[in-house]
Amino acid sequence: MTPMPMTQVPLLAVRGLTKRYGERVGCLDVGFDLWSGEVLGLVGESGSGKTSVLQCLAGRLEATAGCADFFQRDGTIVDILRLPEAPRRRLARTDWAMVQQNPRDGLRMGVTAGANVGERLMAVGERHYGRIRREALDWLGQVEIPQDRIDDLPGTFSGGMLQRLQIARCLVTRPRLVFMDEPTGALDVSVQARLLDLLRGLVADLGLSAIVVTHDLAVARLLAHRLLVMKDGEVIESGLTDQVLDDPQHPYTQLLVSSVLQP
Amino acid sequence: MSGYNFAYLDEQTKRMIRRAILKAVAIPGYQVPFGSREMPLSYGWGTGGVQVTASVIGPEDVLKVIDQGADDTTNAVSIRQFFARTTGVKTTTRTDRATLIQTRHRIPETPLREGQIMVFQVPIPEPLRWLEPRESETRKIHALEEYGAMHVRLYEDITLHGRVATAYDYPVRVNGRYVMRPSPIPKFDNPKLDRNPALLLFGAGREKRIYAVPSWTSVKSLDFKDHPFTIEKWEQSCALCGAGDSFLDEVIVDDKGGRMFVCSDTDYCARRREPTR
Amino acid sequence: MSESAPPAIRIRRLAKSFTLHNQGGVTLPVLRRLSLRVDAGECVVLTDPSGSGKSTLLRTIFGNYKPQGGEILVRHGDRLVDVVSAEPRQIMDLRRRTMWYVSQFLRVIPRVPAVAVVAEPLRALGVGRADAIERARAILGRLRIPERLWELSPVTFSGGEQQRVNVGRGFIAGHPILLLDEPTASLDAASRAIVVQLIREARESGTALLGTFHDADVRDMVATRVVSLAEAETEAA
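Residues numbered from 1 in each chain as written. Chains lettered and ligands numbered in written order. Predicted model: local features only at pLDDT ≥ 70, side-chain atom pairs only at ≥ 80, totals over all residues. Heavy atoms only, no water.

Caption draft 1: A look at the overall build of chain A. A tally of regular secondary structure across chain A gives 9 helices and 10 strands. A compact globule built from 263 residues should have a C-alpha radius of gyration of about 18 Å, and chain A, at 19 Å, falls within 12% of that. Oriented by its inertia axes, the alpha-carbon framework of chain A measures out at about 55 × 50 × 45 Å. Buried positions account for 53% of the 263 residues belonging to chain A. Within chain A, contacts between residues at least 6 apart in sequence are counted, and of these 65% link residues at least 24 apart. (Helix = DSSP H or I, 4+ residues; strand = E, 2+ residues; numbered from the N terminus. Rg over C-alpha atoms; globule rule 2.2 N^0.38 Å. Buried < 20%, exposed > 50% of the residue type's maximum accessible area, 1.4 Å probe, protein only. Contact = heavy atoms within 4.5 Å.)

Next up, the structure:
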């Protein structure tokens, strides 16, 4: 029997990621590989450590220990946990994106929708107004925001539309890695379905890799190919999404899965 | 004038400001913090400009002070007299005869030459303040050259007004590196900043910043490729001297709304009318 | 190809049990040392009464359930992959190109139209959108789903209609291995006949099928071999 050859390098290889807050543990010894085109779900309840993992990888928190090797567009590998601020911010603007739970945290509420979407393009040197506007219009279409809202301020948008605007703003530079922190957390249930459908479509069409933090197993099942189940800062189970949710092995995972209310 | 040091400021202060100026000249467009002193005029009236001038002025200098292009407004007169009293230097209204020019909100039409110093009065030095209130964050943005948001501002203008609506204090890129506010000069004057032979110094007293554009430095106004930077144009010429290439002020002459357009630069206008004087 | 080509699926000493930690830690053994092989062109049908683990076996082969021991060797292109020890990434690739599982329920995602649901396995293989949609339409037509339903989400479909969408999705990409779990459960006679045809065509083109069929008639029409789990558990590897 021959194993399938692994000729590729993972997009992100995390080892021993640990975050301590004094005596308290945020996350402990977390490790995983994330491959191109793959969505990884981090699930668990509040305090499980899933948000600490995300924030450390996204550069918003300083990790206590561990490494995270990121395979850059130019073929070099860099440990993003040890990256100096300047290159990290540059990566955050170009090759990564962060979709926040509350879209207001990820948008400029004081400028128009078009400017919000176009900003990253301008940040990487796009200097043609017409082209910026065309791309902004195109992206508004892709996230199902009516194009005539391009010159409106986001303050006039509904919650679902704000979140879709945030997604457009994040994806305009075609990042290869997207971090999502409870992307549907702030939305009404009826609006969530539309957003999840959009995310699924975009991830598939653009070949994105994503790390999605969620406490909602239905969201995890819909979006993620693989899951890491976290409890008290540690990964207690991992595997294919459908396997972890249909045949959970760990007692805690079984508890989590069986606790989901069925309407 | 007894009881006061030459040019009002003590030598230690002048030394501190000169160090700041040297640093500013070494890093064109970069805002250097300095220990702004209390001056005998209020914040908002040119304390920064006055401190810079006081630090660079010497007994052999010939000083010109203008306000909105004119030598005879109250502010220009006050500041000119202040320096006359505290230094005893010669003063002039002629741009070509001055070695040191302090200005509020205009660059003279007469081209400057190498060896001249122009000091600008700056209210708000930070071009990103509209976007980001935190000083810690704007410093990072400058350090990391993350100027995408500056173009967001221009984008918004074009979106809302069809063109960039900023008419004065129009942001520029200095030496291809730092984005700078040239002080509230009309955008008409921006092209004069580019490769100017004179040394341009900028002082903000209330905000406690000094920055500089050394001689012959490139200064480019921000724009889009398909919405390039343009300057104001008038259909009229100056009613007094006939100039068609200067910045014109609109003056209301009677209660019936009668108006005329005259050069904002009083010295330039006077020179054109009486070239031999 | 040699006369004794390697099997599409070879299972050796497969063990699968369920431990319910939150119900006193009780362990339910379902599959014990099971061995089975399925070759290309075969349709092997499992004949045990319900509840005996047929579904469990199919899901375990698919990687949906996690076994406690044994081997499940699947021919993936020109290599053999052991599902039991494979990494999630490998199993995802297996499912994309080689092996598909048709259950008796369609997991419906709101807003996704039937034709897109059916086209998805082709899209995952890199087939262009227009081409994939066209082939999806063809198979939906064959399965007698009315055209007016094609652009609607199956959320509002009847059980039989949903199941036909499920079947269409399973057969469209021509996976070399198909695991069928009561695929005709909620179908009327006419629809069952179409599914039988699809199975036969797949068999003839070299697909290896392993399935369970509640309906004896259907079983008789499609099976090339009939096996019971009990037999498979005592069979030497």
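Caption draft 2: Seen up close, the interface of chain B and chain A. Contacts between the two partners involve 19 residues from chain B and, on the opposite side, 22 residues from chain A. Summing both sides of the interface, chain B and chain A together bury roughly 1900 Å²; the carbon and sulfur share of this comes to 61%. Our count for the chain B to chain A interface comes out at 4 salt bridges. Arg-89 of chain A is the partner of Glu-146 of chain B in a salt bridge, and the nearest nitrogen-oxygen pair spans 2.9 Å. Where chain B packs against chain A, one counts 12 residue pairs in polar contact (both at pLDDT 80 or more). (Buried area = accessible area lost by both parts, 1.4 Å probe. Salt bridge = Lys/Arg side-chain N within 4 Å of Asp/Glu carboxyl O. Polar contact = N/O pair within 3.5 Å; in protein donor to acceptor, adjacent residues only side chain to side chain.)

Caption draft 3: A look at the pairing of strand S2 (residues 62-67) of chain B. Residue and element names in this part refer to chain B. Most of S2 is tucked away: 6 of the 6 residues are buried. Of the two faces of S2, the one lined by Val-62, Lys-64 and Ile-66 and the one lined by Leu-63, Val-65 and Asp-67 are each fully buried. Relative to strand S3 (residues 90-91), S2 runs parallel, the two being bridged by 2 bridges. The partner of Val-62 across the bridge, within S3, is Lys-90. (Pairing = 2+ DSSP bridges.)

Caption draft 4: Region of interest: helix H4 (residues 129-142) of chain C. All names here are of chain C. For H4, with 14 residues, the first-to-last C-alpha span of 20 Å sits near the 20 Å given by 1.5 Å per residue. If you check which residues of H4 are buried, you get Ala-132, Ile-133, Ala-136, Ile-139 and Leu-140. Relative to the axis of H4, the buried residues are bounded by an arc of 130 degrees and lie together on one face. Summarising the geometry of H4, the exposed residues directed more than 90 degrees from the buried face are Ala-130, Glu-134 and Ala-138. Tucked into the core, H4 has its buried residues touching helix H3 (114-124) and helix H5 (159-171). (Expected span 1.5 Å × (residues − 1). Arc of directions from axis to C-beta.)

Caption draft 5: Quick look at the packing of aromatic side chains. All chains considered together, the criterion is met by 17 aromatic pairs over all chains. Between Phe-120 of chain B and Phe-202 of chain B, the ring centres sit 4.4 Å apart and the planes meet at 10 degrees, which makes this aromatic pair stacked. In this pair, Phe-120 of chain B is assigned in strand S5 (residues 117-121) and Phe-202 of chain B in strand S8 (residues 199-204), connecting sequence segments 82 residues apart. Ring pairing ties together the aromatic residues Tyr-4, Tyr-8, Phe-82 and Phe-83 of chain B, which thus form one cluster. Its end group placed over the ring of Trp-130 of chain B, Arg-153 of chain B keeps NZ or CZ at 4.9 Å from the ring centre. The ring of Phe-18 of chain C carries the charged tip of Lys-16 of chain C above its face, separated from the ring centre by 4.4 Å. (Phe/Tyr/Trp six-rings, centres within 6.5 Å; stacked < 30°, edge-to-face > 60°. Lys NZ or Arg CZ within 6 Å of the ring centre and 35° of its normal.)

Caption draft 6: Expanded view of the side chain of Ser-183 of chain B. Among the structural elements, Ser-183 of chain B can be located in the loop between strand S7 (178-180) and helix H6 (190-193). Filtering out sequence-adjacent residues up to four positions away, Ser-183 of chain B remains in contact with Phe-120, Gln-121, Val-122, Asp-169 and Tyr-211 of chain B.

Caption draft 7: Up close: the arrangement of the chains. In this assembly, 2 pairs of chains are in contact, and the pair with the greatest number of contacts comprises chains A and C. Without any contact between them, chain B and chain C keep their closest C-alpha atoms 35 Å apart.

Caption draft 8: Main features of the nonpolar core. Ranked by size, the top nonpolar core spans 67 residues in total, and within it Val-117, Leu-165, Ile-167 and Val-178 of chain A together with Tyr-155 and Phe-224 of chain B carry the most contacts. Apart from residues lying up to four places away in sequence, Ile-167 of chain A is in contact with Val-99, Val-143, Leu-195, Leu-199 and Leu-202 of chain A. Leu-106, Leu-122, Phe-171 and Val-222 of chain C belong to the second largest nonpolar core, which has 42 residues in total. (Core = buried A, V, L, I, M, F, W, Y, C linked by side-chain atoms within 4.5 Å.)

Caption draft 9: Geometry of the packing of helix H3 (residues 113-123) of chain A against helix H5 (residues 159-171) of chain A. Residues and elements named next belong to chain A. Following both chains from N to C, one finds H3 and H5 inclined at 30 degrees, their axes separated by 7 Å at the closest point. As the angle between them shows, H3 and H5 are arranged roughly parallel. Residues Ala-113, Asn-116, Val-117, Glu-119 and Arg-120 of H3 lie in contact with H5, whose contacting residues are Leu-165, Ala-168, Arg-169 and Cys-170. Residue classes in the contact of H3 with H5 are distributed as 5 nonpolar, 1 polar and 3 charged. (Axes fitted to C-alpha atoms, helices over the stretch in contact; angles between N-to-C directions. Parallel < 35°, antiparallel > 145°, perpendicular 65-115°, else oblique. Nonpolar A, V, L, I, M, F, W, Y, C, P; charged D, E, K, R; others polar.)

Caption draft 10: Structural view of helix H9 (residues 251-258) of chain A. Within H9 of chain A, burial applies to Tyr-252, Thr-253, Gln-254 and Leu-256 of chain A. Where H9 of chain A is buried, its residues touch helix H7 (217-223), strand S9 (226-231), strand S10 (234-240) and helix H8 (241-246) of chain A together with strand S1 (9-20) of chain C.

Caption draft 11: View of the sheet that holds strand S6 (residues 172-174) of chain B. Residues and elements named next belong to chain B. Taken together, 3 strands build an open sheet; the order of strands is S7-S6-S10 and the sheet is antiparallel. Of all the strands in the sheet, just S7 and strand S10 (219-221) have a single pairing partner and so form its edges. Between one strand axis and the next, the sheet turns through 30 degrees on average, direction left out of account. In this structure, S6 lies alongside S10, joined through 3 bridges in antiparallel fashion. Residue pairing in the sheet places Val-174 in a bridge with Val-219 of S10.

Caption draft 12: Main features of the interface of chain A and chain C. Taken together, the contact pairs 30 residues of chain A with 33 residues of chain C. Contact between chain A and chain C buries roughly 2700 Å² in total, counting both sides, with carbon and sulfur atoms accounting for 51%. Run the count over chain A and chain C and you get 7 salt bridges. Of the charged contacts in the structure, one is a salt bridge between Glu-120 of chain C and Arg-200 of chain A, with a shortest N-O distance of 3.7 Å. Summed over the shared surface of chain A and chain C, the number is 13 residue pairs in polar contact (both at pLDDT 80 or more). Counting only elements with at least two residues in the side of chain A that touches chain C, the list comes to helix H6 (189-206), H7, S10, H8 and H9 of chain A. For the side of chain A that touches chain C, the leading source of residues is H6 of chain A, giving 5 residues. Classifying every residue of the side of chain A that touches chain C by side-chain character gives 11 nonpolar, 8 polar and 11 charged.

Caption draft 13: View of the sheet that holds strand S8 (residues 208-212) of chain C. Residues and elements named next belong to chain C. The strand order across the open sheet built from 5 strands is S6-S7-S8-S3-S9, with neighbouring strands paired in parallel fashion. At either end of the open sheet lies a strand with only one pairing partner, and these are strand S6 (99-102) and strand S9 (225-227). Sheet twist, expressed as the average angle between the axes of neighbouring strands with direction ignored, equals 15 degrees. Pairing of strand S3 (residues 43-46) with S8 involves 4 bridges; the strand directions are parallel. In the strand pairing of S8, Cys-43 is matched with Leu-209. Against the sheet, H5 engages S6 and strand S7 (177-181), with an angle of about 170 degrees to S6. Helix H6 (residues 189-204) rests against S3, S7 and S8 of the sheet, and its axis sits at about 145 degrees to S8.

Caption draft 14: Looking closely at the pattern of salt bridges. Under the counting rule described, the total for this entry stands at 53 salt bridges over all chains. As a salt-bridge pair, Arg-194 of chain A and Glu-144 of chain A come within 3.1 Å of each other at their nearest N and O atoms. Linking Arg-194 of chain A in helix H6 with Glu-144 of chain A in the loop between helix H4 (129-142) and H5, this pair joins segments that are 50 residues apart in sequence. Exposure remark for Arg-194 of chain A: the relative accessible area of 30% places this residue in the partly exposed category. Of the residues examined, Glu-144 of chain A reaches a relative accessible area of 32% and is grouped as partly exposed. Of the charged contacts in the structure, one is a salt bridge between Asp-246 of chain A and Arg-221 of chain A, with a shortest N-O distance of 2.8 Å. Of this pair, Asp-246 of chain A sits in helix H8 while Arg-221 of chain A sits in helix H7, placing them 25 residues apart in sequence. Looking at Asp-246 of chain A, the relative accessible area reads 26%, which means it is partly exposed. Salt bridges here are not isolated pairs; linked through shared partners, they connect Glu-85, Arg-89 and Arg-93 of chain A together with Glu-137, Lys-140 and Glu-146 of chain B.

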